[in-house]
Amino acid sequence: MTNSPYDDLLGLLPARPRLLALGEPTHGDETLLGLRNELVRRLVEQEGYRCVAIESDCVKGLVVDDHVTSGAGDLSAVMAGGFSHGAGAAAGNRELVRWLRAYNRGRPPADRVRFAGFDAPMEMTHAASPRQALTALHAYLAAHVDTGVLPETLDRLLGPDERWTDEQAVFDPSRSIGRSDAANELRLLADDLACLLDVHAPQLVTAGGRDAWERARLYARTATGLLRYHAQMAGAAPGRVNAMMGLRDAMMAANLLALADRGPTLVHAHNRHLQRQRSTVMLGELRVDWWSAGAQVARRLGEAYAFVATAVGTIRHEGVGAPPPDTVEGVLHAMPGDRFLVAGRELDATGLVPRDSPWYGYLPLTPADLTGSDALLYIRDLPPGL
């Protein structure tokens with residue numbers, strides 16, 4: 001335990017990870033974002049990490065990546081249009097983008113730090129239309145592949161975007177168009193277009209470069225994933241919501257694995273998306289269970305995936321007081337220090353119980369997180385934002 005909680009981080013891990021995942025128990029807190037930014041600077045400057053991925057729309061994230069790598073776009077416009085889930089309004093995210101741009105200025109392309117959103121284009125209440133991803137994929141292929149194998153237009157099948165983004169469809173499957181004839185045809189078409197990226201990969205990479213091909217693969221993953229998600233939304237099976245959550249995290253995992261192929265990456269998202277064990281949340285009276293992106297990535301990468309779970313003691317302005325002693329946070333709260341890192345395997349989970357949260361926006365750790373994470377970052381208190 002030192003002045004910086006990250007001084008001994010890599011020493012706690014079993015191996016140098018290609019994906020180093022830092023979780024958070026609540027979104028948008030500036031203290032947590034500041035600690036993430038500190039870790040970004042350390043990993044970039046001292047460990048050679050060259051990508052930062054956060055829980056935000058993967059397609060919108062391309063706007064941020066263009067800005068930090070080449071200076072494209074005004075910072076305010078980039079923050080407004082390059083993030084989902086309201087993340088563009090956070091001062092910590094603005095500071096991250098500003099720092100990445102300053103670091104990259106004047107550096108050769110191979111040494112620049114990339115930015116990525118790795119979440120699917122969806123919110124809690126709705127998912128995006130597949131239009132943007134599908135049309136971008138189609139345009140890329142049309143520029144390089146014999147157009148005789150491509151459809152002339154997608155507009156007839158896509159229809160108005162409002163049909164896809166109906167917020168009532170989450171609650172009422174009959175409002176979803178995800179299993180309509182047009183949607184079913186689009187799913188087959190998207191799969192065909194995605195296949196062409198692999199069939200013509202040597203030609204495409206030679207003609208347009210690796211980065212453009214990887215971006216097209218992102219569009220393909222997004223289009224096919226969104227169409228699967230909309231199809232599940234239109235179903236009426238009892239496990240419908242569980243399946244939707246699982247599909248979202250499967251899309252996250254596919255994006256993370258693609259980033260891992262390019263080089264060492266810091267990942268920042270909610271603990272529930274990054275943990276190795278099965279995730280559980282309560283949506284009102286409904287218990288939802290699914291395999292997280294972290295669980296899926298860890299299965300593929302083994303020790304090349306590392307997860308640091310963040311635990312919080314008090315959030316008094318949200319009614320979260322001192323943790324009970326028989327919880328993970330209670331054990332950590334009894335230790336000295338306001339911010340420190342500890343290996344979860346060094347703590348004894350015997351007799352510990354999950355902590356109850358009086359605030360819906362904060363999800364505490366569970367005893368399983370002691371063995372499901374490689375390290376725990378503990379923050380004694382989250383003060384109110386400025």
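Residues numbered from 1 in each chain as written. Predicted model: local features only at pLDDT ≥ 70, side-chain atom pairs only at ≥ 80, totals over all residues. Heavy atoms only, no water.

A.B. asks: So, the sheet that holds strand β4 (residues 265-270): which residues are in play, and what are the values?
C.D. replies: Ordered by their spatial adjacency, 7 strands build an open sheet running β3-β2-β4-β1-β7-β9-β8, and the pairing between neighbours is mixed. Taken across any chain shown, the strands that pair with only one partner, and hence form the sheet edges, are β3 (114-119) and β8 (339-342). Averaged over all adjacent pairs, the angle separating strand axes in this sheet is 25°, with direction ignored. Bridge count for β8 against strand β9 (residues 375-381) is 4 bridges, and the pairing is antiparallel. When the sheet's bridge partners are listed, V342 is paired in β9 with L376. Along the sheet, helix α3 (residues 61-70) makes contact with β2 (51-57) and β3, crossing β3 at roughly 170°. (Pairing = 2+ DSSP bridges. Helix = DSSP H or I, 4+ residues; strand = E, 2+ residues; numbered from the N terminus. Axes fitted to C-alpha atoms, helices over the stretch in contact; angles between N-to-C directions. Contact = heavy atoms within 4.5 Å.)

A.B. asks: Lay out the packing of helix α9 (residues 181-199) against helix α10 (residues 201-208) with the relevant residues and their values.
C.D. replies: In contact at an axis separation of 5 Å, α9 and α10 are set at 75° when each is read in the N-to-C sense. In terms of their interaxial angle, α9 and α10 are classed as roughly perpendicular. Residues L196, L197, D198 and V199 of α9 form the contact with α10, whose own contacting residues are A201, P202 and L204. Within the contact of α9 with α10, the residues separate by chemical class into 6 nonpolar, no polar and 1 charged. (Parallel < 35°, antiparallel > 145°, perpendicular 65-115°, else oblique. Nonpolar A, V, L, I, M, F, W, Y, C, P; charged D, E, K, R; others polar.)

A.B. asks: Any details on the packing of aromatic side chains? Residues and values, ideally.
C.D. replies: For any pair of aromatic rings, the description rests on two quantities: the centre-to-centre distance and the angle between the ring planes. All chains considered together, the criterion is met by 4 aromatic pairs. A centroid spacing of 6.3 Å and a plane angle of 70° characterise the contact between W359 and Y360, whose relative ring orientation is edge-to-face. Its relative accessible area of 18% is what places W359 among the buried residues. For Y360, a relative accessible area of 77% corresponds to the exposed category. One residue, R107, lies across the ring of Y103, its end atom 3.7 Å from the ring centre. (Phe/Tyr/Trp six-rings, centres within 6.5 Å; stacked < 30°, edge-to-face > 60°. Buried < 20%, exposed > 50% of the residue type's maximum accessible area, 1.4 Å probe, protein only. Lys NZ or Arg CZ within 6 Å of the ring centre and 35° of its normal.)

A.B. asks: Requested: an account of the pairing of β2, with residues and values cited.
C.D. replies: When you tally the buried positions in β2, you get 7 out of 7 residues, the bulk of the element. Two elements, β2 and β4, share 3 bridges in a ladder whose sense is parallel. The partner of V52 across the bridge, within β4, is L266.

A.B. asks: Outline the environment of A293, supporting the account with residue identities and numerical values.
C.D. replies: Among the structural elements, A293 can be located in helix α14 (residues 293-301). Separated by 206 residues in the primary sequence, A293 and A87 have C-alpha atoms spaced 20 Å apart.

A.B. asks: Just give me the short version of a nonpolar patch on the surface, but keep the residues and values in it.
C.D. replies: On the surface, M124, L283 and L286 cluster together into a nonpolar patch covering about 270 Å² of accessible area. Among the structural elements, L286 can be located in strand β6 (residues 286-290). Taking relative accessible area as the criterion, L286 reaches 38% and is therefore assigned partly exposed. (Patch = residues over 30% accessible without salt bridge, like charges linked within 9 Å, V, L, I, M, F, W, Y side chains within 5 Å. Areas by Shrake-Rupley, 256 points an atom, 1.4 Å probe, with all protein chains shown as cover. Salt bridge = Lys/Arg side-chain N within 4 Å of Asp/Glu carboxyl O.)

A.B. asks: Explain the pairing of β3 to me, using residue names and the numbers behind them.
C.D. replies: Summarising burial for β3: 5 of the 6 residues are buried, a large majority. Where β2 and β3 come together, 5 bridges link them in parallel fashion. Opposite A53, over in β3, you have A116 as the bridge partner.

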